[in-house]
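Each chain, written out:
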Amino acid sequence: MKLFAIDYIILALYFAFVLGIGFLIRKRVKSSEDFLTSHRSVPVWITSLAFIAANLGAQEVVGMCASGAKYGLMTAHFYWLGAIPAMVFVGVFMMPFYYGSRARSVPEYLRLRFDEKTRGLNAATFAVMTVFSSGVSMYALGKLFQLVLGWSFTASVLLSAAIVLVYTFLGGLTSAIYNEVLQFFLIVLGFSPLVVLAVRTAGGWSGIANRLPPVMTHAWRYLGNSASNPMGVEVFGMVAGLGFVLSFGYWCTDFLVVQRAMAADSMSAARRTPLIAAFPKMFMPFVVILPGIAAMALAQMGIGYTLPAKGNGPDYDQALTTLMAGFYPSGMLGVGLTALMASFMSGMAGNVTAFNTVFTYDLYQSYLRPRASDRHYLWVARVTTVWGILLSIATAYLAQRYNNIMDLLQLVFSFVNAPLFATFLLGMFWKRSTGHGAFSGLLAGIVAAASVHGLTLAEGKGAWIANWRQFPSTMAQNFWIAIFAWSACFAVTVLVSLATAPKPSTELGGLVYGLTGIPKDEGEPWYRRPGALALAVLAAVALMNVIFW
């Protein structure tokens, strides 16, 4: 991949713009709340685009393209089954609890609903998860610099870390949110031409379908048996593992995305944030998955395109960058690389801002310095930003073991988000659930996830206890880890809650369904009503599933 002067100019302009946003917003950061929560003052159209862009990091763009090459159109389930229904649920049902409780973070909601130990456990596990996620983003951009500039992986990782550190250190969450909006448009602009060029060269959708096995071009048709599709998963594993546990566990409880909606300037805006974001989200498979499928078709055409090898198979993570190298001329290559770097910064900064909020409020303020000045907490938040990036550098090296970074991310989500969703489901909709039950359930879910991973093997990973079962893919293994983790957490939380005393109803106002006033939409036009938006979103995504059945 050879860059010309115009490509470097485009990259330089982008970096200058990003850093400029950080410097401008720095003047508005007067308190720890400004730095960590944006003081709940961001307009709904900004929070909506940031909501989707926070989940559109390098691991999403590179990883979904890689999954498209590895698993085919079934990867679209991460959107049409594994995102949209959960985004509707969090907007309609869960956001009133988050926003109405005035909690500054998801772990803080757990403290209000349950107790301190439940908050502490979730804060610690979430902090670990965000470090892993940001490390994966760093790995992706490090590989990009290595491919484009010919640098060593270490030098590439250090440079990418320094770039993100500057603007997140300066402007905090507000800087990250406004940059995420810019990055969303850059990602769409940078990759849409690649989709058109790759698909057209492969002969259109019909040409792709003729060159690849039918299982690669259908979403549902080959889910009847786990042996009949490359993901190695059947309908139950897909629907329960991805569509329910992992999907709802991520979109409904992951503070990285919830934080964007909580930054909105009103309850109505907070509820509409994930619903508005769902519309562009359902079309993202055509931007990030379709190029990976086209890459596999192009590799069959004998035109010189091929994926590099990694271990015993292809390096699917390089599907996107090799397509860019093959199809983009100078100038357009600069736009594409800028879009990739934008996606990296989106994911990296999103995880770092979530990490510093949870660490500062839910760990440091709660357990180390509970009565310090606000100026002190602002200083801690900035120091935590630096430490979060340093820890992410270490996890970037772990990602090198995987030939599809989405496999690693879903494994992490299986351990953290899957049991957490069971805790939230019971906490928000069953007032009898208790703090002892929630804490015991979370521990049981994590132990169950570790046990399933240790007793099963997939693509050489897992089975560190014994090999009781072998999965055909790490993604199938991840789905079943999530199912067992959620089930264990749910069962243990119910049993322990029934044996322990719950909080009185007077302490649960604004935290539990039935004891919380849900905002009324009378007088609002239909497009501002969460219920109407939700129905429109669900109808559109159902149509997508039917068309690509």
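Anything mentioned here points back to the structure above.
The text that follows walks through the structure, step by step, so that each part is easy to find. Owing to the predicted nature of the structure, the values given are computational and were not obtained by experimental measurement. (Residues numbered from 1 in each chain as written. Predicted model: local features only at pLDDT ≥ 70, side-chain atom pairs only at ≥ 80, totals over all residues. Heavy atoms only, no water.)

## Some remarks on the overall build of the protein
Working step 1: For the protein, the helix and strand inventory stands at 22 helices and five strands.
Working step 2: In terms of C-alpha radius of gyration, the protein reaches 22 Å, essentially the compact-globule figure of 24 Å for 549 residues.
Working step 3: For the protein, the spread of C-alpha atoms along the three principal axes comes to 70 × 55 × 55 Å.
Working step 4: Taking contacts inside the protein between residues at least 6 apart in sequence as the whole, the part at least 24 apart equals 81%.
Working step 5: Counting only carbon and sulfur atoms, one obtains 67% of the accessible surface of the protein, whose full area is about 19,300 Å². (Helix = DSSP H or I, 4+ residues; strand = E, 2+ residues; numbered from the N terminus. Rg over C-alpha atoms; globule rule 2.2 N^0.38 Å. Contact = heavy atoms within 4.5 Å. Areas by Shrake-Rupley, 256 points an atom, 1.4 Å probe, with all protein chains shown as cover.)

## Brief notes about the environment of Met341
Working step 1: Checked against the element boundaries, Met341 lands in helix α17 (residues 332-368).
Working step 2: Considered as a pair, Met341 and Leu186 are 155 residues apart in the sequence and their alpha carbons are 9.6 Å apart.

## Examining the packing of aromatic side chains
Working step 1: The tally for this structure, following the rule as stated, stands at 24 aromatic pairs.
Working step 2: Between the aromatic rings of Phe248 and Phe421, the centroid separation amounts to 5.5 Å while the plane-to-plane angle is 40°, which identifies the pairing as tilted. Of this pair, Phe248 sits in helix α11 (residues 235-253) while Phe421 sits in helix α19 (residues 405-429), placing them 173 residues apart in sequence. Phe421 carries the same exposure label as Phe248, and that label is buried.
Working step 3: An aromatic cluster of at least three residues, connected via ring pairs, comprises Phe89, Phe93, Phe244, Phe248, Phe421, Phe429, Trp486, Phe490 and Tyr513. (Phe/Tyr/Trp six-rings, centres within 6.5 Å; stacked < 30°, edge-to-face > 60°. Buried < 20%, exposed > 50% of the residue type's maximum accessible area, 1.4 Å probe, protein only.)

## A few points about the state of the cysteines
Working step 1: What the rule picks out here adds up to zero disulfides.
Working step 2: The thiol sulfur of Cys489 is not disulfide-bonded, and the nearest other cysteine sulfur, from Cys252, lies at 15 Å. (Disulfide = S-S within 2.5 Å.)

## Topic: the sheet that holds strand β3 (residues 456-458)
Working step 1: Taken in spatial order, the three strands of this open sheet run β4-β3-β5, and their pairing is mixed. Whereas interior strands pair on both sides, the edge strands pair on one side only; in this sheet they are β4 (461-462) and β5 (469-471).
Working step 2: In the sheet, β3 pairs with β4 via two bridges, with the strands oriented antiparallel. Bridging from a neighbouring strand, Ala458 pairs with Lys461 of β4.
Working step 3: Where helix α20 (residues 435-455) meets the sheet, its contacts fall on β3, β4 and β5, and the angle it forms with β3 comes to roughly 65°. (Pairing = 2+ DSSP bridges. Axes fitted to C-alpha atoms, helices over the stretch in contact; angles between N-to-C directions.)

## With respect to the pattern of salt bridges
Working step 1: Taken as a whole and assessed by the stated rule, the structure comprises four salt bridges.
Working step 2: Of the charged contacts in the structure, one is a salt bridge between Glu459 and Lys70, with a shortest N-O distance of 3.1 Å. You can see Glu459 sitting in the loop between β3 and β4 and its partner Lys70 sitting in helix α4 (residues 58-71), a full 389 residues away along the chain.
Working step 3: Exposure remark for Glu459: the relative accessible area of 33% places this residue in the partly exposed category.
Working step 4: For the salt bridge of Asp115 with Lys117, the shortest nitrogen-to-oxygen distance reads 2.5 Å.
Working step 5: Its relative accessible area of 16% is what places Asp115 among the buried residues.
Working step 6: Ionic contacts of the salt-bridge type, sharing partners, join the residues Glu116, Arg119 and Asp362 into one network. (Salt bridge = Lys/Arg side-chain N within 4 Å of Asp/Glu carboxyl O.)

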